[in-house]
Amino acid sequence: MIRQSLSPRPDWQAKVEALGLIWHDGGDRPYWDESACYRFTRAQVDSIERATAELYRLFLAAGEVVVSDPALLARFAIPPAFHEPIREAWEAEPPALNFGRFDLGYDGSGAPKLFEFNCDTPTSLLEAAVVQWAWKEECFPALDQFNSLHEALVARWAEIAPDLPSTLHVAHIADRAGEDAVTAAYIRDTAEAAGITTVPILMERVGWHHEAHCFVDEADMRIEAMFKLYPWEWLVQEEFAVPLLHNLERGDQTWIEPVWKMIWSNKAILPVLWDLFPGHPNLLPASFTIPQGDAVAKPLLSREGANVSIRRAGSIVAETAGDYGEEGYIYQSLYRLPEAAPGCFPVLGSWVVDGAAVGMGIREDGLITSNTARFVPHVIDG
């Protein structure tokens, strides 16, 4: 795994914008960063693919244990009223993309190690699936890339389309940076490529029809299926949590992703995995209590690296601010990321669609990967 410095294409901004990546400015350095790339061997990519498939298998087993154990599910800081809908959705397996991004530590030689699974509202999707492929085709046409993500998403939509109503609403928040808008637009593109009619909507415009007992859009059209780029843990804490609970109990609306994704996307799953599979080569030791050795403290519901701290020899050497932590923490043994360039520590995002490893994106940041991380493309060389 080699980091190679490059000269960005003179017109790279216009080229990535033409592909839909309107959010590419990261302040001091661009978010989309083609001043470098990572070169992997085929053997290294094979190792990442195997680890991804194996981790998905472990998550299936861990999910089964959690939904079967009320005391364990209670440790996930999920409102108790939603525990039964989670169990029911887990057993019913409603239509879902069932996609996500495993964030991995990898040094190019050892086994890839799981940091967490972003599988409820994963972002960096367009850049991983489309933008870096177009960059590769222009800059390194003779090389390959670990990337069949776009095709896998379209195929998965086509697979579940017969079980969906005629219209799919795609919802997101009006985020200032536009990252969520970009991801939601790309999700619509993949669904429509599979023949599904989509309607965009902002989350704040979703309404509740009290007489019909259903969610509706701005035109009072009933929402029968919705892809939501909005976390379940936020939804269940908001004003319409009670209507949401009624909606889940009635089962007359398809939610993509399903409510059971609250388990897999919660950091509490990490100690569960370690208890079930101690010593597994793709896992890091994790617990609900502070360990003796170097560790990373993560809030159960933290996003984009917020409120994470790195502890070495009993002292905090790096930490981030944020609004999380009251829900509790888990502690994961510290994995020392390779410093591929001064101040650049790469985290691999290995994408999975319905159990299959389908692509990879790489983000660089400091010791803690946050919303200031930069996306760096990759190629397979040899």
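Residues numbered from 1 in each chain as written. Predicted model: local features only at pLDDT ≥ 70, side-chain atom pairs only at ≥ 80, totals over all residues. Heavy atoms only, no water.

Looking at an unreviewed UniProt entry, the protein carries the name Glutathionylspermidine synthase, with the source organism given as Sphingomonas sanguinis.

**Student:** Which residues make up the domain arrangement of the protein, and what values do they have?
**Tutor:** When the domains of the protein are assigned, the result is domain 1 (2-266 + 337-380) and domain 2 (285-333). Computed from C-alpha coordinates alone, the two centres of domain 1 and domain 2 are separated by 23 Å. On the domain 2 side, the residues contacting the 18 residues of domain 1 number 16 residues. Between domain 1 and domain 2, a total of about 1,400 Å² is buried, with carbon and sulfur atoms accounting for 55% of that surface. The interface formed by domain 1 and domain 2 contains three salt bridges. For the salt bridge of Glu116 with Lys298, the shortest nitrogen-to-oxygen distance reads 3.7 Å. Counting across the interface, domain 1 meets domain 2 through five residue pairs in polar contact (both at pLDDT 80 or more). Sorting the residues of the side of domain 1 that touches domain 2 by element identifies β4 (113-118) and α8 (232-235) as the ones contributing at least two each. For the side of domain 1 that touches domain 2, the element with the most residues is β4, which contributes three residues. (Domains from an automatic or database assignment. Contact = heavy atoms within 4.5 Å. Buried area = accessible area lost by both parts, 1.4 Å probe. Salt bridge = Lys/Arg side-chain N within 4 Å of Asp/Glu carboxyl O. Polar contact = N/O pair within 3.5 Å; in protein donor to acceptor, adjacent residues only side chain to side chain. Helix = DSSP H or I, 4+ residues; strand = E, 2+ residues; numbered from the N terminus.)

**Student:** Can you break down helix α11 (residues 269-276) residue by residue, with the values?
**Tutor:** Every α-helical turn comprises 3.6 residues, leaving residues that sit three or four positions apart pointing alike. The buried fraction of α11 amounts to six of the eight residues, a majority that puts the element mostly inside the structure. Among all positions of α11, only Ile269, Leu270, Pro271, Val272, Leu273 and Trp274 are buried. Elements that come into contact with the buried residues of α11 comprise α2 (42-67), α3 (70-73), β4, α10 (261-264), β11 (286-287) and β15 (329-333). (Buried < 20%, exposed > 50% of the residue type's maximum accessible area, 1.4 Å probe, protein only.)

**Student:** A description of the packing of aromatic side chains should follow, citing residues and the corresponding values.
**Tutor:** Applying the stated criterion across every chain, the model contains 21 aromatic pairs. For the pair Phe215 and Trp255, a centre-to-centre distance of 5.8 Å together with 85 degrees between the ring planes defines the contact as edge-to-face. In this pair, Phe215 sits in strand β8 (residues 214-216) while Trp255 sits in strand β10 (residues 254-256), placing the two residues 40 residues apart along the sequence. With respect to burial, Phe215 and Trp255 carry one shared label: buried. Ring centres of Tyr329 and Tyr331 lie 6.5 Å apart, and the angle between their planes is 25 degrees; on these two criteria the pair is classed as stacked. Put simply, the rings of Tyr56, Phe59, Trp90, Phe102, Phe117, Trp260 and Trp264 touch in pairs and so form one group of aromatic residues. One Lys or Arg, Arg75, reaches over the ring of Phe288 and ends 3.9 Å from the middle of that ring. One Lys or Arg, Lys136, reaches over the ring of Trp133 and ends 4.7 Å from the middle of that ring. (Phe/Tyr/Trp six-rings, centres within 6.5 Å; stacked < 30°, edge-to-face > 60°. Lys NZ or Arg CZ within 6 Å of the ring centre and 35° of its normal.)

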